[in-house]
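Spelled out, the chains give:
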Amino acid sequence: MFNFDETVLERLQTAKKIVFFSGAGISAESGVPTFRDDLSGLWAQYDPMQLATPEAFRRQPALVWGWYLWRRQRVRAAQPNAAHLALAQWQAAAGADRVICLTQNVDDLHERAGCSEVLHLHGNLFSSLCAECGQSVDEAALPKAHQTRAVDVEFDPNGQEITPPACRACGGHIRPGVIWFGEALDSQVLDRSFELSATCDVLIAIGTSGVVQPAAALPSIAREAGAYVMQINPQETPLDAVAHSNIRASAAQALPELYKHVHKGQ
Ligand code: OAD
């Protein structure tokens, strides 16, 4: 099904450090909608600026918190797909210092597939913190009705309004630990991402539209530093011009095949 270019295989077989840079497309085949995919686009239901911003949360905390609880429930019900599993297998074979998982996704499917030390550029759907004092809150410490493990809680697929719990320390609203539009990324995570992109031998961008900065700059940083850059995406993106090779396929088809070809005979 796939005839990978010999250069691609050689670069991957000799690489001392590979960065897998994933976007929402890697989770698409787990049934978790991407942001801009017309068919299942999560945003198709809402204007992103209506929900994923601090202003929206201040204005309508119950709608935003209810929508994130529904998203948590949906990710909990999803399973890592063959792409997540192939990436985890690659890391297990080479070691977490040589195969790095750097994601824009807020889901935990890379971790559940077995990847370690996953870097989340845009935060983590399952972390929560107080919107006022910033104190973080484990999901287990949330009231049961707000825990997505609580199987008796069914959230309306259209994002029902659920008033967020109050912070035990200051009484402020609890919010999801994700980066909203207009918010700064965690500077340590961003610096580490820049450093990894500038020092890797290969960067593979998987399932990202490559339009949201500063994350979208990482493949260019890698290329300018001399790395071999690849892209796996069924659609064309601005990263086509940055990548040395583009694999026009879905992640769940291409990644397991790429792993097999690179590790053939090993
Ligand atoms: P997008 O929804 O912008 O792009 C998803 C990409 O995945 C598209 O280019 C699709 O062509 C591709 N795709 C769809 N199905 C695929 C599959 N089966 N295999 C491989 N690729 C597939 O998602 P992101 O690029 O991740 O930021 O979006 C980047 C950021 O924009 C998100 O992290 C989010 C959003 O604003 C924050 O939440 C801060």
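Everything quoted here is computed from the prediction, not taken from an experiment.

Our focus in this paragraph is the sheet that holds strand β6 (residues 174–178). As summarised here, the arrangement of the 3 strands in space is β5-β4-β6, forming an open sheet in which the pairing is antiparallel. At either end of the open sheet lies a strand with only one pairing partner, and these are β5 (136–137) and β6. Inspection of the sheet shows strand β4 (residues 123–130) paired to β5 by 2 bridges, in the antiparallel sense. In the sheet register, Ser 128 faces β5, and the bridge partner there is Val 137. Sheet strands touched by helix α6 (residues 61–77): β4 and β6. Its angle to β4, the strand with the most contacts, is close to 140°.

Moving on: the confidence of the model for the chain. In this model, the chain carries a mean pLDDT of 91, and residues with pLDDT of at least 70 account for 90%. Under a pLDDT of 50 for its full length, residues 38–43 has, in the predicted model, 16 contacts with residues more than four places off or in other chains.

Attention now moves to unusual backbone geometry. The step from Gln 213 to Pro 214 runs through a cis peptide bond, and the omega angle for that step is 0°. Within the secondary structure, Pro 214 sits in the loop between β7 (202–206) and α10 (218–224). Residue Glu 117 is not a glycine yet carries a positive backbone phi of 55°. Looking at the element boundaries, Glu 117 is found in the loop between α8 (109–113) and β3 (119–120).

Attention now moves to the packing of aromatic side chains. Evaluated as defined, the whole model comprises 6 aromatic pairs. Measuring from ring centre to ring centre gives 5.6 Å for Trp 90 and Tyr 259, while their planes differ by 75°; the resulting arrangement is edge-to-face. One end of the pair, Trp 90, is in helix α7 (residues 82–94); the other, Tyr 259, is in helix α11 (residues 251–262), with 169 residues separating them in the sequence. Each member of the pair, Trp 90 as well as Tyr 259, carries the same accessibility label: buried.

Another point: helix α9 (residues 187–199). Two residues of an α-helix separated by three or four positions point the same way, owing to the 3.6 residues in each turn. End to end, α9 covers 18 Å across 13 residues, agreeing with the expected 18 Å (1.5 Å per residue, within 8%). Those residues of α9 that fall on the buried side of the exposure criterion are Val 189, Leu 190, Ser 193, Leu 196 and Ser 197. Buried residues of α9, viewed axially, fall in a sector of 130°; they line one side. Those residues of α9 that are buried lie in contact with β1 (18–22), β2 (99–103), β3, β7 and α10. Here α9 starts with a cap whose side-chain oxygen sits 2.8 Å from the backbone nitrogen of Gln 188, and that cap is Asp 186.

For Asn 81, the position within the fold is in the loop between α6 and α7. Engagement of the side chain of Asn 81 in a polar contact is seen with the backbone nitrogen of Ala 83, the distance being 2.7 Å. Among all residues touching Asn 81, those that are not within four sequence positions of it are Ile 26, Ser 27, Glu 29, Ser 30 and Ala 252.

With that settled, the discussion passes to the nonpolar core. In this structure, Leu 12, Trp 90, Ile 204 and Leu 258 are the most contacted members of the largest nonpolar core, which totals 33 residues. Mapped onto this core, the elements with two or more residues apiece are α1 (6–14), β1, α7, β2, β7, β8 (228–232) and α11. With 6 residues, the single largest contributor to this core is α11. Residues within four places of Ile 204 in sequence aside, it is in contact with Leu 12, Ile 18, Val 19, Phe 20, Phe 21, Met 230, Ile 232 and Leu 258. Counting residues in hydrophobic clusters, the runner-up holds 26 residues, among them Phe 57, Tyr 68, Val 137 and Ile 162.

Once that is clear, we can look at the packing of α7 against α11. Their axes nearest at 7 Å, the elements α7 and α11 cross at an angle of 25°. In this view, α7 runs roughly parallel relative to α11, as classed from their interaxial angle. Judged by the twist between their axes, the crossing of α7 over α11 is left-handed. Facing Ala 82, Ala 83, Ala 86, Gln 89, Trp 90 and Ala 93 of α7, the residues of α11 in contact are Ala 251, Ala 252, Leu 255, Pro 256, Leu 258, Tyr 259 and Val 262.

A separate point is the side chain of Gln 91. You can see Gln 91 is positioned in helix α7. Taking the relative accessible area as the measure of exposure, Gln 91 reaches 5% and is therefore buried.

Take the pairing of β7 next. Within β7, 5 of the 5 residues are buried, which leaves the element mostly enclosed by the surrounding structure. Residues Val 202, Ile 204 and Ile 206 point to one face of β7 and Leu 203 and Ala 205 to the other, with burial holding for every one of them. In the sheet, β1 pairs with β7 via 5 bridges, with the strands oriented parallel. When the bridges of β7 are listed, Phe 21 appears paired with Ala 205. By the bridge criterion, 5 bridges tie β7 to β8 in an arrangement that is parallel.

Rules behind the numbers
All residue numbers refer to positions counted from 1 along the written sequence of the respective chain. Per-residue local features of the predicted model are confined to residues with pLDDT of at least 70, and side-chain atom pairs are confined, for both listing and counting, to 80 or more; whole-chain, interface and lining totals are unaffected and use all residues. Side-chain figures throughout are based on the complete set of non-hydrogen atoms in the structure, without hydrogens or water. Two strands make a pair as long as DSSP finds a minimum of two bridges between them. Counting from the N terminus, the helices are the DSSP runs of H or I reaching at least four residues and the strands are the DSSP runs of E reaching at least two. For this analysis, residues touch if any pair of their heavy atoms sits within 4.5 Å. Axes here mean lines fitted to C-alpha atoms, for a helix over just the part in contact, with angles spanning 0 to 180 degrees between N-to-C directions. Values of pLDDT, the confidence the predictor places in each residue, fall between 0 and 100. Any two of the Phe, Tyr and Trp rings considered here, Trp counted by its six-membered ring, make a pair once their centres fall within 6.5 Å; the pair's planes then place it as stacked at under 30 degrees, edge-to-face at over 60, or tilted in between. Burial classes follow relative accessibility: with a 1.4 Å probe on protein chains only, a residue under 20% of its type's maximum area counts as buried, one over 50% as exposed, and anything between as partly exposed. One fewer than the residue count of a helix, multiplied by 1.5 Å, yields its expected span. Directions are taken from the helix axis to each C-beta atom, and the arc is the one they span. Whenever two N or O atoms come within 3.5 Å, that pair is a polar contact, provided that in protein one can donate a hydrogen and the other can accept it, and provided that, for residues adjacent in sequence, both atoms are side-chain atoms. Put simply, a nonpolar core is a bunch of buried Ala, Val, Leu, Ile, Met, Phe, Trp, Tyr and Cys residues held in one set by side-chain atoms that sit within 4.5 Å of each other. Orientation labels follow simple angle bins: below 35 degrees gives roughly parallel, above 145 gives roughly antiparallel, 65 to 115 gives roughly perpendicular, and whatever is left gives oblique. When the near helix sits turned anticlockwise from the far one by under a right angle, the crossing is termed left-handed; a clockwise turn instead gives a right-handed crossing.

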